[in-house]
Every structure is written in structure tokens, then in C-alpha cells.
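Here are the chains, one letter per residue:
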Amino acid sequence: MKDMNGTTDTILYRGSLKSCNYSCSYCPFSKHRDSEKELERDEIQWQRFIESLPGRARAWGVRALMVVPYGEALLHLWYWEGLAKISRWDWMDAAGAQTNLSFSVEEALGIFRKKGGDTGKLRLWATFHPEMVSVEIFAQKCAAVKEEGILLSVGAVGVPEDLDVIRRLKDALPEGIPLWINKMDGLKRPYTREERERILELDPYFELESAYPPGEAARCQGRLFVEADGNVRACSLSPSYGIDWYTWEGPLPVLDCRRRRCSCYLAYGGRQDPLLPLLYGAHPLFRIPCRPKAAFLDIEGTLRVGGRIPAHTRAGLAALFREGTALFFATTLPYGEVLKRCGQIVHLFTGGIFAGGAHLRLRGAAGLREEFIYLADEVQSWYDRAADPFLSGGAFRILVYRNEGRIYKITLLRSRRRSWEAGEAAEVWASVPEACRESLRYFLEGACMQIVSAQADKARGVVLLCEWMGIGLSEAAAAGDQEEDRGMLGLFAHAPDQKKGENG
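In short, a report on the structure. (Residues numbered from 1 in each chain as written. Predicted model: local features only at pLDDT ≥ 70, side-chain atom pairs only at ≥ 80, totals over all residues. Heavy atoms only, no water.)

**Things to note about the sheet that holds strand β7 (residues 223-227)**
Consideration 1: Read from one edge of the open sheet, eight strands run β6-β5-β4-β3-β2-β1-β7-β8, paired in mixed fashion. The open sheet has two edge strands with one neighbour each: β6 (179-182) and β8 (232-233).
Consideration 2: In this sheet, β6 lies alongside strand β5 (residues 151-157) in parallel orientation, the contact comprising four bridges. Bridge pairing links G155 to W180 in β6. (Pairing = 2+ DSSP bridges. Helix = DSSP H or I, 4+ residues; strand = E, 2+ residues; numbered from the N terminus.)

Written out as C-alpha cells, the structure is:
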């Protein structure tokens, strides 16, 4: 997801359609049948929206669109024609819809292709309704969609009485099609331990459904929810803000959030959460897991927020772990400090990049593999000879990190937690002998001035750990929000969308 600054990444569109060809007992839309006039209005609104999309989308940075109807939209010709048109635009990465998959795959894709649609950009969120369709027929539909090169995910509501049939569906699905389970809102009781364990066997990501993150406007500015009449919301749960998609001029304001929790996937799946792209690829709202073989994660601001690891972050990490992703810390903190701050989750991690890249650890089948990048001998000799070589009037403390007597990192910690200013740091740096500076680098993190070998950084650590594991960078992913993460994130800047995921 992108920072807002007047831009958005994904648009969810909901038309006025309120009818469905299914009649599930729990669904209100099965009780309504749209009239011809109502269907005509829905078609006109959809076409109007598509015509407006290029101007708005280019101005606001939109890269993906998903139709999230009240009812079943893909029974209607105009939605396929519209998705085909959207998929032709080179600046759009993906277009798709939520669906019960009851349409004829052959006929629908015939329309899509006739209109020039790109199946490589098509995404389907397919929900299984055991009251209305058999496992065999639904699985056959999924197989037909996949054979056409279309990415899809399959889901069902976690009704305890339906878990056996959902298990049969999981077993019947073609290899590579992920299954997710939505929490049953009408259960009116917590899931039992046995039910939860059974669901986790079906969907390793289900803990995310039980750890709804708190509503935070700052994290919800990377997507928009647009209704048929042009009304704009931040998401499907948020209130109306009096913004009209068709008449608003200039950048979008920051849309406030009044929700205590993001209590459905269309809400929390659109957050600017650093873990979501690791779980679901470039456009998480399509809910298609990408499942990297390795993930490298910054700690402060990414895993820890406000001094703690949020429940939804722990749930996401547990999901990646269950799916076999090797998790690695990627931090400027030393290993010992990571153990203190991340004790709740350290058991999920295979190793990490510590001390800004100066210390690497990999715990594998062959045991522990470790590497330190020590400061050059001339630096260590100079430091050991000098009496507090950087100390300046008690303005900071010096923390020295060693392994087997050799220095691999120095931290200059300001007193009173006062942040370093660039000019002050430059003055201190100038006091280091030039011959030593050539083999070092420093960076600032609030009250800390960190000094490590010039060869040490997170990007190098990622490359080396991937080599140790025998995997390519295309099979890995990273998340972070600090200046020190730029090089690491740059390794994945041109990574493909979910095409590298399970459906590919």
C-alpha cells in the first residue's frame, strides 16, 4: 500500500445491485430480486463509474479495482465487459470481483476475451455456499478458472457444522488454490479449542479473523470504497464523508475512522499494514496469499508499535510460520536486545540480520550458522587505545558490542533521549581518524548514532541469508518503514504481483 498524500492504491466498488441467484438461509440478498429497471440502473451506474475511472485513478495513483457487490454481480454481462475494459489499461495491475462462482466459466470468459480482457490481471474472490452447491461442482468450477490462468482464492464461512464439508472442499480443490475461512458473526459464542484447531488446519491465516486490529485512520488511507451513486468511504464499515467521486476536485483529505475495530477482511485487508503484502501480495484486498519462502522484517514500527507487538501482527506472523515461511528479523538492534523486545514471537523466527547487518544468524537443520562483520583492525586498535574516543562532555554514552573480543558495532547514545541532529553527528564523525572512517558507516536513529562496518547493511544480509538457504530473491519478501530499510526493500521493488503466489 502507498502512503496517502492524496493517493490511493485499491478501489472497492459496490453498485446498487442487491439480488442474488442463491437463496442461502443467512443472507438477506437472497430474499430480493432486482427488477429490470433496477438492473438497468445498476448497469448505467457501473458504466458511468468506469468512464470516470481513468481520470480519477491516474490522479490518485490507483492500481487495482475489486467489485464487492450486495448479491452476485458476475451473472450480468456488463460487469464482465467492464472488467475487460479495466484490465486493458496498462496502468492497472489487477481487476476482479467477489463471486459465488455460479456463472458459466466458458461463456463469461468468452465475453471477457471478446472485449479484449487480460486474464492475467483478473482476480476472483470465490465464496463456497454449501447450502447451494456441491463440493464437486464448485471444485470443478475452480479448476476451470485456474486452467484459464486466472488467480483466485476460495472461502467459506466458518460454520462449525460445515467444517466437514469445507474439509472435503479443501481436499478437492486443485493444488495451489488457497482456502480461507471467515469468522461466523452469528455464532454468538466463541469457537471451542477443537473448532479453532480444525479451522486452522483448513486456513492457517484464520487467527487474523480473531485478532481484528483497532481502527486507525492513519493506516487506512491506501484504498477507497466507492458506491454506485459516487459516495466515497474509507472502507465498507466506515461512515460517509460527504465526498462525491464524480465531483470532488483535488487531492483527497485524510478520511477519519470511527470504528473501534476493523471487523471484516474488506476493512483490515486494506490497511497500510507492513505484514499484509507479505501475506497477500501487492494488492492484499483480493485475499490471494503469496506465501514467500523467506520474509525479512524490521522491528520498531513494523513488528512493534508503541512498544508492543499487536495481536494482529502476532497472528500474521503465526500464519506465515504455519505456511512454512522462514521468518527473519532485519534490525539495527543487537541480538540480545531483540530477545528482550520480541520474546513473544522469537520462537517463530529462523534467524535474522542484527546490528544493522553486522551480525547474521540462521538456525537450520544443520544447526546454527552465524557471521559477524567486525570493524577493521585499525578501528579496533584506535578505539582500544583511546580513552572514550568519541566522548564529548558527557553528551552521550558509548555502547560497544563485541563477539569474542572483537567489535562489530558502536552506539553513541544521547543523554536524556535527545535525538541526534545531522550537524552534531557530522562533528563527532569528523573526530574519527580519516583512515578509520573509510571502513565505517554511521546512521542516525533518534537518540542513537550507530557505527558499523561499511560492508554491513540489511540488503547484504538478505542476499547472504537467501544464499545460505538456497533460495532466490524472487522467493522472498521484506517489510520495514525506516531509512535503514530502503536498501533491503529495494531488492524487492520490482517483484511481481501475486503471480508468484500459489495460483501461478
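**A word on the packing of aromatic side chains**
Consideration 1: Taken as a whole and assessed by the stated rule, the structure comprises 27 aromatic pairs.
Consideration 2: Between W89 and W91, the ring centres sit 5.1 Å apart and the planes meet at 10 degrees, which makes this aromatic pair stacked.
Consideration 3: Between F296 and F328 the ring centres are 5.0 Å apart and the planes differ by 15 degrees, which places this aromatic pair in the stacked class. Here F296 is found in strand β9 (residues 294-297), whereas its partner F328 is found in strand β10 (residues 326-330), with 32 residues between them in sequence. F328 shares its class with F296; the two are buried.
Consideration 4: Through successive ring pairs, a cluster of aromatic residues spans Y13, W46, F49, W60, W78, Y79 and W245.
Consideration 5: When the ring centre of Y335 is taken as reference, the NZ or CZ atom of R361 above it lies at 4.1 Å. (Phe/Tyr/Trp six-rings, centres within 6.5 Å; stacked < 30°, edge-to-face > 60°. Buried < 20%, exposed > 50% of the residue type's maximum accessible area, 1.4 Å probe, protein only. Lys NZ or Arg CZ within 6 Å of the ring centre and 35° of its normal.)

**Considerations on a positive patch on the surface**
Consideration 1: Side chains of R260, R261, R308 and R314 sit close together on the surface and give a patch of like positive charge.
Consideration 2: Here R260 lies in the loop between β8 and α7 (265-268).
Consideration 3: The class for R260 is exposed, based on a relative accessible area of 68%. (Patch = residues over 30% accessible without salt bridge, like charges linked within 9 Å, V, L, I, M, F, W, Y side chains within 5 Å. Areas by Shrake-Rupley, 256 points an atom, 1.4 Å probe, with all protein chains shown as cover. Salt bridge = Lys/Arg side-chain N within 4 Å of Asp/Glu carboxyl O. Lys, Arg positive; Asp, Glu negative; His and termini not counted. Charge placed at Lys NZ, Arg CZ, Asp CG, Glu CD.)

**Some thoughts on the environment of G269**
Consideration 1: By the secondary structure assignment, G269 is in the loop between α7 and α8 (276-280).
Consideration 2: For the pair G269 and H283, spaced 14 residues apart in the sequence, the C-alpha separation amounts to 9.1 Å.

**Observations regarding the pairing of strand β3 (residues 94-99)**
Consideration 1: For β3, the buried fraction is high: six of the six residues fall into the buried class.
Consideration 2: Burial along β3 is two-sided: the face carrying A94, G96 and Q98 and the face carrying A95, A97 and T99 are both buried.
Consideration 3: The sheet contact formed by strand β2 (residues 64-67) and β3 spans four bridges and is parallel. Looking at β3, one finds that M66 is bridged to G96.
Consideration 4: Bridge analysis of β3 against strand β4 (residues 122-127) gives five bridges, and the strand direction is parallel. Following the sheet pairing, Q98 is matched in β4 by W125.
Consideration 5: Taken together, β3, helix α3 (residues 105-114) and β4 constitute a β-α-β crossover, and its handedness is right-handed. (Right-handed = clockwise from strand over helix to strand, strands pointing away.)

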